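# Tertiary structure, described
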Amino acid sequence: MEKRSKVMLPTLFEKMQQRVPITMVTCYDYPMGYLVEQAGVDIVLVGDSLGMTVLGYESTLPVTMEDMIRHAQAVRRGTPNAFLVGDMPYMSYQVCVEDAVRNAGRFMAEAACDGVKLEGGAEMADRVHAIARAGIPVMGHLGLTPQSSSALGGFKVQGKDAARARRIVDDARLLERTGAFSILLEMVPDRVAGLITGRAGVPIIGLGSGPQAHGQLLIFHDMFGLYPRFKPKMAKVFGNAGEVILNGLKAYVTEVQSREFPSAENWFGMKDDQYEELVRGLE
Ligand code: KIV
């Protein structure tokens, strides 16, 4: 495999300017990091969705900074060249600007991330500004923001009426002005995403927000049939790894039970003289 060069901010801006779509996926551990590196994905998000996809919680809210740092470190070991974004978990930035900067810094110092992401618009502009001023690339996240799903009335499309769409358009402009290097739009109507993208000076990444954004994000577990609870409409299954693994596990159970596994190629032997000496010693 040809070694690729490190994806950095100028790489992403060049792609945006040249209208080359930017690819982004979530990732939570070393083997997944290794695979996304081989596939040449541009941006890898260690999402707090790990709470649901990997840790089995009902929401992302219980995820801690310690969880995020541990998983981001593992992903970084698998993908040295993707632009790695650490997702700031619930209550790691909402309380005050100082927390936001300190926790963003932890992703950079402890997990060698290239940037961080946080959810929210105007109400988070001071956090975005302070993190950017600390020299940390920060991605905004608008539309459906899962950490506020209770206030938003569930996991629903956001900005379907003109007034709410206007708020998202204004928030996107504000986040860009306050220093966000990129903005993720989750579950925003395609034409609203198109308007925002058309006016943006930073890469706009869409998740369930249509084809007009500068790039696309998907959740790894949705792409490969690895999340058993549901498959969101915005996800496309690119391969059913869940089915492959399940079939493999069923075959394993069958082979162990029928004594077909293990066979000689799967175990380690011992020289006869050594074995006989061992047995003699036991007599
Ligand atoms: O945690 C995550 O994976 C995310 C995406 C849903 C955008 O924030």
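Throughout, a residue's number is its position along its own chain's written sequence, starting from 1. Given that this is a predicted model, residues contribute local features only at a pLDDT of at least 70 and side-chain atom pairs are listed and counted only at 80 or more, while totals for whole chains, interfaces and linings are drawn from all residues. Hydrogens and water molecules were not included; the side-chain quantities draw on all heavy atoms of the structure.

Looking now at empty space enclosed by the protein. Over the atoms, a rolling probe the size of a water molecule traces out where space has been left empty. Definitions used throughout: a 1 Å grid over protein atoms alone; a cavity as a set of points that fits a 1.4 Å probe which cannot get out; a pocket as an open set with protein on both sides within 12 Å along at least five of seven lines; a lining residue as one with an atom within 4 Å of a point. Grid points are joined across faces, edges and corners, and a volume is the space filled by probe spheres set on the points. Enumeration over the complete set of coordinates arrives at one cavity of 30 Å³ or more. By volume, the largest cavity is sized at about 70 Å³. Taken together, Val-169, Ala-172, Arg-173, Glu-176, Ile-183, Leu-195, Ile-196, Arg-199, Ala-200 and Ile-204 make up the lining of the largest cavity. Each helix corresponds to a stretch of at least 4 residues labelled H or I by DSSP, and each strand to a stretch of at least 2 residues labelled E; elements are numbered beginning at the N terminus. The element best represented in the lining of the largest cavity is helix H8 (residues 162-178), accounting for four residues. Gly counts as polar in this scheme, as do all residues outside two lists: the nonpolar Ala, Val, Leu, Ile, Met, Phe, Trp, Tyr, Cys and Pro, and the charged Asp, Glu, Lys and Arg. For the lining of the largest cavity, a count of residues per class yields seven nonpolar, no polar and three charged.

Of all hydrophobic cores here, the largest spans 66 residues; its most connected members are Ile-43, Ile-131, Ile-183 and Leu-185. The contact rule is simple, with two residues in contact once any of their heavy atoms fall within 4.5 Å. Non-local contacts of Ile-183, meaning those with residues more than four positions away in its chain, are made with Met-139, Gly-140, Leu-142, Ala-172, Leu-175, Glu-176, Val-202, Pro-203, Ile-204 and Ile-205. Residues belong to one nonpolar core when they are buried, are Ala, Val, Leu, Ile, Met, Phe, Trp, Tyr or Cys, and are joined through side-chain atoms within 4.5 Å. Note on classification: 1.4 Å probe, protein chains only; a residue is buried when its accessible area is under 20% of the maximum for its type, exposed when over 50%, partly exposed between these limits.

Now for a nonpolar patch on the surface. For patch detection, residues must exceed 30% relative accessible area and be free of salt bridges, and they are connected within 9 Å for like charges or within 5 Å for nonpolar side chains (Val, Leu, Ile, Met, Phe, Trp, Tyr). Computed with a 1.4 Å probe, the accessible areas rest on the Shrake-Rupley method; for each residue, only the protein chains presented here act as cover. Salt bridge criterion: a side-chain nitrogen from Lys or Arg within 4 Å of a carboxyl oxygen from Asp or Glu. A cluster of nonpolar side chains, contributed by Leu-61, Tyr-90, Met-91 and Val-95, occupies part of the molecular surface with about 340 Å² of accessible area. Mapped onto the fold, Leu-61 is located in the loop between helix H3 (50-53) and helix H4 (65-78).

Below, the discussion takes up the pairing of strand E1 (residues 22-26). Across the five residues of E1, four count as buried, placing the element largely inside the fold. Bridging between E1 and strand E8 (residues 215-218) involves four bridges; their strand directions are parallel. Bridge pairing in E8 links Val-25 to Leu-218. Direction of pairing for E1 relative to strand E2 (residues 43-46): parallel, over a ladder of three bridges. By the bridge assignment, Met-24 is partnered in E2 with Ile-43. Being paired, for any two strands, means DSSP has found at least two bridges between them.

A separate point is the site of the ligand. Nearness is defined per residue: one heavy atom within 4 Å of the molecule or strand is enough. Taken together, 13 residues sit near the ligand, with Asp-48, Ser-49, Asp-87, Lys-117 and Leu-184 positioned nearest. With respect to the ligand, the side chain of Ser-49 contributes an N or O atom lying 2.5 Å from an oxygen atom. Between the ligand and the protein, one listed contact pairs an oxygen atom with a side-chain N or O atom of Lys-117 at 2.9 Å. Here the shell around the ligand is built from residues that sort into five nonpolar, four polar and four charged. Any pair of N or O atoms that falls within 3.5 Å is considered a polar contact. Within protein, one atom must be able to donate a hydrogen and the other to accept it, and sequence-neighbouring residues count only if both atoms are side-chain atoms.

This part is about the domain arrangement of the protein chain. Splitting the protein chain by domain gives domain 1 (9-239) and domain 2 (244-282). Centre-to-centre, using C-alpha coordinates, domain 1 lies 46 Å away from domain 2. Note: domain ranges come from an automatic or database domain assignment.

Here the structure, examined in full by the defined rule, presents eleven salt bridges. Asp-126 serves as the salt-bridge partner of Arg-127, at 3.0 Å between the closest nitrogen and oxygen. Of the residues examined, Asp-126 reaches a relative accessible area of 38% and is grouped as partly exposed. Several salt bridges share partner residues, and in doing so they unite Lys-6, Arg-76 and Asp-114 into one network.

Before going further, it helps to spend a moment on the layout of surface pockets. When its volume is computed, the largest pocket comes out at roughly 720 Å³. Of all the secondary-structure elements, those providing two or more residues to the lining of the largest pocket are helix H1 (9-17), E1, helix H9 (190-199), E8 and helix H10 (220-223). Class assignment of the residues belonging to the lining of the largest pocket gives a composition of 22 nonpolar, ten polar and four charged. Within this model, the second largest pocket holds a volume of roughly 560 Å³. Around the second largest pocket, the lining is made up of 25 residues, and of these Gly-143, Thr-145, Leu-152, Gln-158 and Arg-167 lie nearest the centre. Mapped by element, the contributors of at least two residues to the lining of the second largest pocket are strand E5 (138-143), helix H7 (149-152) and H8.

Attention shifts here to the packing of aromatic side chains. Working definition: an aromatic ring pair is given by the centre-to-centre distance plus the angle between the planes. Stacked, tilted and edge-to-face are the three classes applied to pairs of Phe, Tyr and Trp rings, where Trp contributes its six-membered ring and a pair requires centres within 6.5 Å; stacked means planes under 30 degrees apart, edge-to-face means over 60, and tilted covers the rest. Going through the model one piece at a time under the given rule, you end up with four aromatic pairs. Ring geometry for Tyr-227 versus Phe-230: centroids 5.4 Å apart, planes at 85°, classification edge-to-face. The class of Tyr-227 is buried, set by a relative accessible area of 11%. Ring geometry for Tyr-252 versus Phe-261: centroids 6.0 Å apart, planes at 65°, classification edge-to-face. Judged by relative accessible area, which is 32%, Phe-261 ranks as partly exposed.

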